[in-house]
Amino acid sequence: MLITCPYCGPRDVIEFTYQGDGNRERPDPASQNFEAWNAYVYDRLNPAGDHNEIWQHSGGCRTHLRVVRNTLTHEISSVAFMRGDHGRGDHGSAARRKAEDKS
Amino acid sequence: MSPRRTDTGGRIDRLKTIRFTFDGAPYTGHAGDTLASALLAKGVTLYGRSFKYHRPRGLLTAGVEEPNALVTVLKGEVREPNIPATMVEIHDGLVAISQNRFPSLAWDINAVNQLGGKILSAGFYYKTFMGPVFGPLKGTRFWMFCEHFIRRAAGLGSAGSAKDPARYERMNAFCDVLVVGSGPAGLMAAKAAADQGARVMLADLEPRFGGSANWSDETIDGAPAADWARRIVAQLAGRDNVRLLPRTTVWGYYDNNTLAALERVSDHKEQPGKGEPRHRYWATRAKSVVLATGAFERPLVFPGNDRPGVMLAHAAERYANEFGVLPGERIALFTNNDSAYRAAVALKKAGAAVVAIADVRPELSPEMRRLAAEAEAEIFAGHAVVATEGGKALSGLKLQRFDMTNGALIGDARSIHADCLLMSGGWSPTIHLASQAGAKAEWNAARQAFLPPKPTQQWIGAGAFTGSFSTLEALAEGRAAGLAAAGGQSTPSVLPVVEAVPGDPDPAPVFEIRAKGKSFVDFQHDVTAEDVRLAHREGFVSVEHLKRYTTLGMATDQGKSSNVPGLAIMAEALGKPIPEVGTTRFRPPFAPVSIGSLAAERFGDLKPERLTPMHDWHLANGATMYSAGLWYRPMIYGHAGETVEQAYVREAKATRESAGIVDVSTLGKIAVQGPDAALFLDRVYTNMFSTLAVGKARYGLMLREDGLAFDDGTTWRLGEQDFLMTTTTANAGKVMQHLEYFLDVIWPELKVQVTSVTDEWAGAAIGGPKARQILATCVTGTAVDNATLPFMGIVRGEIAGAPVMICRLSFSGEMAFEIYSGAGHGTHVWEALVEAGKPFGLVTYGLEALGTMRIEKGHVTGAEIDGRTTARDLHLDWMLSKKKPFIGSAMMDREGLIASDRLELVGLIALDNRPLNGGAHIVEEVDEANPHGSIGHITACCYSPALGKHIALALVKGGKARQGTRAHVSDPLRNRFGPVEIVSNHFFDPDGSRMHG
Ligand SMILES: [Zn+2]
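Just so you know, these numbers come straight off a predicted model, no measurement behind them.

### What about the overall build of chain B?
Okay, step 1: The helix and strand tally for chain B stands at 24 helices and 53 strands.
Okay, step 2: In terms of overall dimensions, chain B has C-alpha extents of about 110 × 75 × 55 Å along its principal axes.
Okay, step 3: The buried share of chain B, taken over its 997 residues, is 58%.
Okay, step 4: Sequence separation of 24 or more characterises 66% of the internal contacts of chain B that already satisfy a separation of 6 or more.
Okay, step 5: For chain B, the computed accessible surface area is about 39,900 Å², with 54% contributed by carbon and sulfur atoms.
Okay, step 6: Of the side-chain charges in chain B, 105 are positive and 107 negative, and the distance between the mean point of each set is 2 Å.

In structure tokens:
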């Protein structure tokens, strides 16, 4: 399986760490809504088809990526930074510089 | 009469003699022989005993699908079992032995199993050995009694226990077109793709490229097909954009067109060449794949079809044409299709007498009658073989009139004298890789075969793989596939001219002749047609269940020859057409793969080692090193004649009496920096860090989201926005990932940067009553007195000219300091500290003494923070802030996590004054004969020099309430039972007066 990291390009899955279902929503930290916390910590979607997943490029630039992967074919239809452009700040440009240095 | 070498013919070199041994006896063969062809040429007919019934078995095939003739190859002390003799190339000095026979191949005690066939039918193991005990001879206990004998009798070859000295390699490769299979289709594909300029890899599991061209009697462009193949291979070999991989089995087809292959680089040589590995594992990413993997011929299922001398028709053709070996002198054929007639002609040409051709079809085409006439063979149309005769070799067979519309046998059987029977039950395309690539095979009623599915990945099929069995079709499809795979345009050009015998590719739909006697479907696992029917009668209707119950297709050949006949018999029993029964999905590997090639370089000395900056110093000063994950750390600095226990007791004692120093460079260190760093740490740790003053450190505890304890360590505030976090050695990577996850995914708005700086800092911890005095003599640029450097205070200064950061904190429970310097200064600073400590009796100590002192203090580590314990279980609830939410705070108070009977941290003292063991159970009452009633277990133990007792930390049910009571250790594995006292985990100096000074 190949994941195309927006910084590093197409890389083997061996460089990545799966960080779980990307559909989960973390409740407000102060929330005591136990149902919501339980769903966040334990419930995972398991669709046969496209799935929103979080992968970290742990053997590369270490950013977390939002990956849409088809669980039947392993086809990857999109890859984006979890942070997006908003809030990425210095982190993004530093990592991009690093990627450019390499190339 | 027996098999023999022909005087001429074949692609072997009769001038080159090769010497080898089989079952201890010397044999000779020729260059180009396989073990199978060389032994067959010497008249060997018996190659092994069958799996269950120990029936004698001969060669069924000439290739990778061989189920019977499995051998063990010995190289020095190393034994490799279960290799088909058809896949072993002989070389001088080859030592091979047969398998699954006791005491010898010719005389096998277990052959009496044949007489007890009813007992060993399908499901025998399940029925006899599973479930409760009903009598003396049933159930799981009976299995335990019989296991030894059955494992000895029912097995394939046995693996050796000697260490394999061979070297294995892994290669990552990339290409535009990977062609699998080098028959006429594969060669054409490779050539067409290479002509387009594509980067091509061509792999074939055989040593010789050419596939069927090597043994067909056909001509291509006027030359023998084998010569044509050699010419194309030579052209390909001369090109820069082509890589040829003979002896290379492509065994796995994975996502993104990633294929796995095993190249047997030097198995066929007496010694590997310089620098050559034994096997090479190719992980190949191909833009496009051409599958030209051919087809496997199927056996027919009839009584006695497993007798030595019964062989697949094409295999005999191959032995004759490729190896110059006649498998018999008087040959009979039994077929349901036209392809066997080609074999009849070939064997006649090679010098054998073809005495009969039995064909289940009542009507035969004029072409087939002409071929039979050419072979001078008598035709028995509408006949079937109903029995075979002979022991270790075939002596004859029985024919009977057969009605293929209803399977009925008519009239009397007639005997035919023959020493070899060739059978052909049609052909199954080798669709394993296509099936692995993800789609379901489709049944083709005309071909009576599963054809490759529509591609779900980037592959194109060609030749017999697609069910196109003629060479002309193979050439045409191969060229088209090669062009398309390389992205080229098909241009009209003339195909090579093929001269071949004619034949209808469609067989008659006959798989089995039902007559009295054992008819084998799966030769390697000894599954008979009756076993399949029995499974059906017992209610197994799904093909996957049938497979598991009968073990059909589950041997090392994975049913390459048995799959379709097995399904056909099942379908008949169910009264359903074959496609409705379905086929099982093929899974990797296509053929067995050496484990060594998968590990390749990733073992032993080549695993990365992490060494602290002071590593060489430790070695030079008598340290015994200990591997902790990838790290190496001193265990003890032993003196001559000391035991490990004596050494650590001396080190710990000296530390508590004067001072000791230990290397703590392995602790995980993470720089947490940025305007929101303090806020971030408040969320990550259970306790507050935003209130921590600059220049101070604090012990922190992290939980996981589910509320269980995760990691602990101290974090130092070096500046308003600048923290240095330390983690346990083992969790450094996990904590880093945890922090990154929350910053990237959960709180992207936080302005925080985390950087792993573990390798940038060298750390030394110096502790003991004299530690401060020692520092005072060697630290410049700062005072180290209590006012300047209070408990948990941080100062910067210099030691021997090198800048250092000193934090006063304690793991040992003594007045102690952690001194961090740049990694490059680590040894320099360490040496200066050791030198300064000499007048004060400073000792260096290792992990054992470190562990001892932490147990005495009752501090927790990974053995207690084991992923199941909570902060409360470890008496760390004082660290759970009520002023703020933190990771894990919402989940940590769940019912199950605050129950009163949870395992809680306690201390134990051995009342019998004997050592305790990690992992030993704690019980209320000892029952040595039938240990039970565990209330917990020991997590860490030592002899405590401070207490003069054997002590331990343990997790015990409701442990806190049990303090002051007695219990017992129960450790049946090490036969250690005895009374203990349950006490607080804080054994030593519980109020901390020593470290606070
Ligand atoms: Zn990346």
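So much for the structure itself; the text now carries on.
### Structural notes on the coordination of the zinc ion
All names here are of chain A.
Okay, step 1: At this site the zinc ion is bound by Cys5 (SG), Cys8 (SG), His57 (ND1) and Cys61 (SG), with donor distances of 2.0 to 2.4 Å.
Okay, step 2: Between the 4 donor atoms coordinating the zinc ion, the angles at the centre fall across 104 to 118°, so the site counts as tetrahedral.
Okay, step 3: When the donor residues of the zinc ion are listed from N- to C-terminus, their spacing reads C-x2-C-x48-H-x3-C. Taken together, the residues Cys5 in strand β1 (residues 2-5) and His57 in the loop between β4 (50-56) and β5 (64-70) connect sequence positions 52 residues apart.
Okay, step 4: In this structure His57 comes out as buried when scored by relative accessible area, which is 0%.

### A few points about unusual backbone geometry
Residues and elements named next belong to chain B.
Okay, step 1: With an omega dihedral of 0°, the bond running from Pro588 to Pro589 counts as a cis peptide bond.
Okay, step 2: Among the secondary structure elements, Pro589 is positioned in the loop between α14 (578-581) and α15 (595-599).
Okay, step 3: Of note, the phi angle at Arg247 is positive, near 55°, even though the residue is not glycine.
Okay, step 4: Secondary-structure assignment places Arg247 in the loop between β13 (242-245) and β14 (248-254).

### Some points on the pattern of salt bridges
All names here are of chain B.
Okay, step 1: This structure, assessed with the given rule, holds 54 salt bridges over all chains.
Okay, step 2: Across the salt bridge formed by Asp359 and Arg361, the nearest N and O atoms sit 3.0 Å from each other. The pair formed by Asp359 and Arg361 is uniform in burial state, with each residue classed as buried.
Okay, step 3: With a shortest N-O distance of 3.9 Å, Glu374 and Arg370 are connected by a salt bridge. Here the residue Glu374 and the residue Arg370 both occupy positions in helix α8 (residues 366-374), the gap between them amounting to 4 residues, near one helical turn.
Okay, step 4: The partly exposed category is assigned to Glu374, whose relative accessible area is 40%.
Okay, step 5: Several salt bridges share partner residues, and in doing so they unite Arg55, Arg57, Asp306 and Asp526 into one network.

### Describing the sheet that holds strand β45 (residues 802-807) of chain B
Each strand in a sheet pairs with another by means of backbone hydrogen bonds, the pair being arranged parallel or else antiparallel.
Residue and element names in this part refer to chain B.
Okay, step 1: Across the sheet, 7 strands lie side by side as β43-β44-β45-β46-β42-β36-β47; this open sheet has mixed pairing. Each edge of the open sheet is held by one strand with a lone partner, namely β43 (779-780) and β47 (842-844).
Okay, step 2: Looking at chain direction, β45 and strand β46 (residues 816-822) are connected through 4 bridges and run antiparallel. Counted as the bridge partner of Met805 is Tyr820 from β46.

### Quick look at the pairing of strand β6 (residues 70-75) of chain B
All names here are of chain B.
Okay, step 1: Two strands pair when backbone bridges link them, and β6 and strand β7 (residues 78-84) are joined in this way by 5 bridges, in the antiparallel orientation. Residue Lys75 lies in a different strand from β7, and its bridge partner there is Val78.
Okay, step 2: Hairpin connection between β6 and β7: a loop of 2 residues separates the two successive antiparallel strands, and Gly76 in this loop has a positive phi of roughly 60°.
Okay, step 3: Judged from the 4 bridges that link them, β6 and strand β8 (residues 94-98) form a sheet pairing that is antiparallel. By the bridge assignment, Val73 is partnered in β8 with Ala96.

### Comments concerning the packing of helix α11 (residues 529-537) of chain B against helix α13 (residues 563-574) of chain B
Residue and element names in this part refer to chain B.
Okay, step 1: Following both chains from N to C, one finds α11 and α13 inclined at 40°, their axes separated by 9 Å at the closest point. The orientation of α11 with respect to α13, classified from their angle, is oblique. Seen from above, α11 lies across α13 with right-handed handedness. Packed against α11, whose contacting residues are Ala529, Val532, Arg533 and His536, the element α13 presents Gly566, Ile569, Met570, Ala573 and Leu574 at the interface.

### Considering helix α6 (residues 313-323) of chain B
Okay, step 1: Counting buried positions along α6 of chain B yields 11 of 11 residues, so the element is predominantly enclosed.
Okay, step 2: Taken together, the buried positions of α6 of chain B are occupied by Ala313, His314, Ala315, Ala316, Glu317, Arg318, Tyr319, Ala320, Asn321, Glu322 and Phe323 of chain B.

### Side note on α8 of chain B
Note: α-helices contain 3.6 residues per turn, so residues at a spacing of three or four share the same orientation.
All names here are of chain B.
Okay, step 1: Those residues of α8 that sit buried are Met368, Leu371 and Ala372. One side of α8 carries all its buried residues, which in axial view fall inside an arc of 100°. Facing away from the buried side of α8, by more than 90 degrees, are the exposed residues Pro366 and Ala373.
Okay, step 2: Those residues of α8 that are buried are in contact with α7 (339-350), β21 (353-359) and β22 (378-381).
Okay, step 3: Of the residues one or two after α8, Glu376 is the one with positive phi, at around 55°.

Rules of the game
Residues numbered from 1 in each chain as written. Chains lettered and ligands numbered in written order. Predicted model: local features only at pLDDT ≥ 70, side-chain atom pairs only at ≥ 80, totals over all residues. Heavy atoms only, no water. Helix = DSSP H or I, 4+ residues; strand = E, 2+ residues; numbered from the N terminus. Buried < 20%, exposed > 50% of the residue type's maximum accessible area, 1.4 Å probe, protein only. Contact = heavy atoms within 4.5 Å. Areas by Shrake-Rupley, 256 points an atom, 1.4 Å probe, with all protein chains shown as cover. Lys, Arg positive; Asp, Glu negative; His and termini not counted. Charge placed at Lys NZ, Arg CZ, Asp CG, Glu CD. Donors = N, O, S within 2.8 Å, 3.2 Å for Na, K, Ca; no water. Tetrahedral: all angles 85-135°; square planar, octahedral: opposite > 155°, others 65-115°. Salt bridge = Lys/Arg side-chain N within 4 Å of Asp/Glu carboxyl O. Pairing = 2+ DSSP bridges. Axes fitted to C-alpha atoms, helices over the stretch in contact; angles between N-to-C directions. Parallel < 35°, antiparallel > 145°, perpendicular 65-115°, else oblique. Left-handed = near helix turned anticlockwise from the far one by under 90°. Arc of directions from axis to C-beta.

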